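Understanding the architecture of this molecule
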2 protein chains.
Amino acid sequence: MISKAKSKFIKSLQIKKYRKQEQCFVAEGKKSVLELFNSDFEVVMLAATEEFLQQYTGLIRKGIEVIPVSTNELSSLGEFQSNDSGLAVARIKPNEPVTVNADEFGLVLDDVRDPGNLGTIVRTADWYGIEKIIASPESAEIYNGKVITATMGSFTRIKIYYTELGNFLRQTPHQVFGTFLDGENVHSVNFGNGGLIVVGNESKGISGEVEKLVTRRITIPKFGKAESLNAAMATGIVLDNLRRR
Amino acid sequence: MISKAKSKFIKSLQIKKYRKQEQCFVAEGKKSVLELFNSDFEVVMLAATEEFLQQYTGLIRKGIEVIPVSTNELSSLGEFQSNDSGLAVARIKPNEPVTVNADEFGLVLDDVRDPGNLGTIVRTADWYGIEKIIASPESAEIYNGKVITATMGSFTRIKIYYTELGNFLRQTPHQVFGTFLDGENVHSVNFGNGGLIVVGNESKGISGEVEKLVTRRITIPKFGKAESLNAAMATGIVLDNLRRR
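Worth saying up front: this structure is predicted, and the values here are computed from it rather than measured.

Definitions and cut-offs
- Starting afresh in each chain, residues are numbered from 1 along the sequence in its written order.
- Think of it this way: whatever chain is written first is A, whatever ligand is written first is 1, and the rest follow in order.
- Selection of residues for local features in this predicted model requires a pLDDT of at least 70, selection of side-chain atom pairs for listing and counting requires 80 or more, and totals for whole chains, interfaces and linings are taken over all residues.
- Here the side-chain values reflect all heavy atoms present in the structure, with hydrogen atoms and water set aside.
- Residue contacts follow a heavy-atom distance rule, with two residues in contact if any of their heavy atoms lie within 4.5 Å.
- As used here, buried area is the combined drop in accessible area, with a 1.4 Å probe, of two parts when they are placed together.
- Between Lys or Arg on one side and Asp or Glu on the other, a salt bridge is scored when a side-chain nitrogen of the former is within 4 Å of a carboxyl oxygen of the latter.
- As used in this structure description, the phrase polar contact means that two N or O atoms lie within 3.5 Å; if the pair is within protein, one of them must be able to donate a hydrogen and the other to accept it, and residues adjacent in sequence are counted only when both atoms belong to side chains.
- Elements are defined by DSSP. Helices are runs of H or I of four residues or more, strands are runs of E of two residues or more, and each kind is numbered from the N terminus.
- Residues are sorted three ways: Asp, Glu, Lys and Arg are charged, Ala, Val, Leu, Ile, Met, Phe, Trp, Tyr, Cys and Pro are nonpolar, and all the rest, Gly among them, are polar.
- For this overlay, a least-squares fit was computed on C-alpha atoms, restricted to residues scoring pLDDT of at least 70 in both copies.
- Axis geometry follows a simple rule: fit a line to the C-alpha atoms, using only the stretch in contact for helices, then measure angles between N-to-C directions, giving values from 0 to 180 degrees.
- The cut-offs work like this: below 35 degrees is roughly parallel, past 145 is roughly antiparallel, 65 to 115 is roughly perpendicular, and the gaps in between are oblique.
- With the far helix as reference, a near helix turned anticlockwise by less than a right angle produces a left-handed crossing, and one turned clockwise produces a right-handed crossing.

1. Focus: the interface of chain A and chain B
With 30 residues of chain A in contact, the opposing surface of chain B contributes 31 residues. With both chains or domains summed, chain A and chain B bury close to 3,100 Å², and 59% of this area falls on carbon and sulfur atoms. There are two salt bridges connecting chain A and chain B. Ionic pairing is found between lysine 31 of chain A and glutamate 227 of chain B, a salt bridge with its closest N-O pair at 2.8 Å. Inspection of the region where chain A meets chain B yields 24 residue pairs in polar contact (both at pLDDT 80 or more). If you list the elements that add at least two residues to the side of chain A that touches chain B, you get helix H6 (115–127) and helix H10 (231–243) of chain A. Ranked by residue count, the leading element in the side of chain A that touches chain B is H10 of chain A, at seven residues. Along the lines of polarity and charge, the residues of the side of chain A that touches chain B split into ten nonpolar, ten polar and ten charged.

2. What to know about the relation of the copies chain A and chain B
Comparison of the two chain copies shows a relationship of rotation about an axis with a shift along it. Of the transformation placing chain A onto chain B, the axial shift is 0.0 Å and the rotation is 180 degrees, giving an RMSD of 0.0 Å. Put plainly, the chains are arranged around a two-fold axis. Both copies share a contact surface, since 100% of the interface residues of chain A are interface residues in chain B too.

3. A few points about the packing of H10 of chain A against helix H10 (residues 231–243) of chain B
At a closest axis distance of 9 Å, the pairing of H10 of chain A and H10 of chain B adopts a crossing angle of 50 degrees. On the basis of the axis angle, H10 of chain A is oblique to H10 of chain B. H10 of chain A and H10 of chain B meet at a crossing whose hand is right-handed. From H10 of chain A, Ala232, Met233, Gly236, Ile237, Asp240 and Asn241 of chain A reach across to H10 of chain B, where they touch Ala232, Met233, Gly236, Ile237, Asp240 and Asn241 of chain B.

What follows is the structure, given as structure tokens:
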């Protein structure tokens, strides 16, 4: 049985303001919880079913508050209903600059606001071995529960830095790729060994300020009639092209 | 001002049972409404702001009930909050078999249950010029409001047929491609001029029954650590590879 105060604390973390205040976030469900424990995040609390705790006794470490809960309690604690294993509270990492080296690729998110899209982008970046993301301050927050869930655990392996993109891009020595309707065909672009890939906002695309700082305009060729691709989808397709030999 | 009865009717269409009973569905927002009027769907009702109706007077045709509404009324009528233009009610099309010809590609959805994923798949299929989808009866319903919205209008250009996949695939003369962890690298697969691409369920992947009917096992190569790709993402990446010359 979980106390009212603990329950209130966990639920409060569904709201950005309280995540910021407490510097904590929640990961729900077996996959996210296990990935979290397997990462360098500092876990402070684990609320899980007796069954889950028995199966993963190794997770119960010094300094982590472990609270056995029923599946009903879990559903009421969490943002998502279908959780029959557990949820963990962990510390938010400081927003520190990331350095993209000359021989690697990084993503730049220009106001990607939908949490599902950000989650899918993080998961896909992790599939394609992209570890660094630079995001505009208006982009969705990585610690939002919907983002964490959509990443399927990949949030533990990605470094994300929120900063003004104008300054960041003016200082980068790398190529800056951006998708537009009038660029080079992504099927024949030579991406080289490293660079930055800009992902635009869901409805407005890449902003005027960032567009000026794009050095290579690329296009995903269209064969049908849709007006555009979803932002996360376009990112995945660019990454697949970039990794192909 | 919209009557209580009309308002109740429109709202009831958010529920599958009532969509089935009334054989009608709702498309919300400017983009979806305009695409709907530009398609062969039979529109029966248009609830829109005065501003929208003035801008698109051409839409007001015989046989369509037009109801001027305020933006507040629109928000309360619809499933999504940010609609300041209109919504339309249209007739559901009968579930008729689609024929995939030898020189074209079709998608086969093996229990794609998430409406957002189905919507993204339809939008992406439309981008890549794929017009035919065969879906298992347990797949998300195309007329679900979340699906319609996520397709960004592409639902008007795609033919979808819900049927048992076993029977369908046993009778097809085409190649059946499916993504697995142990298939041919999608970057070097020769897709030929036509065939079917199977998309698996979000958590279980392709079912055992359907797997037996797959004739070409393909794999999207992984360069990082994510366990899998989102089902819609994997579909888009396969389609991009399939269209490349």
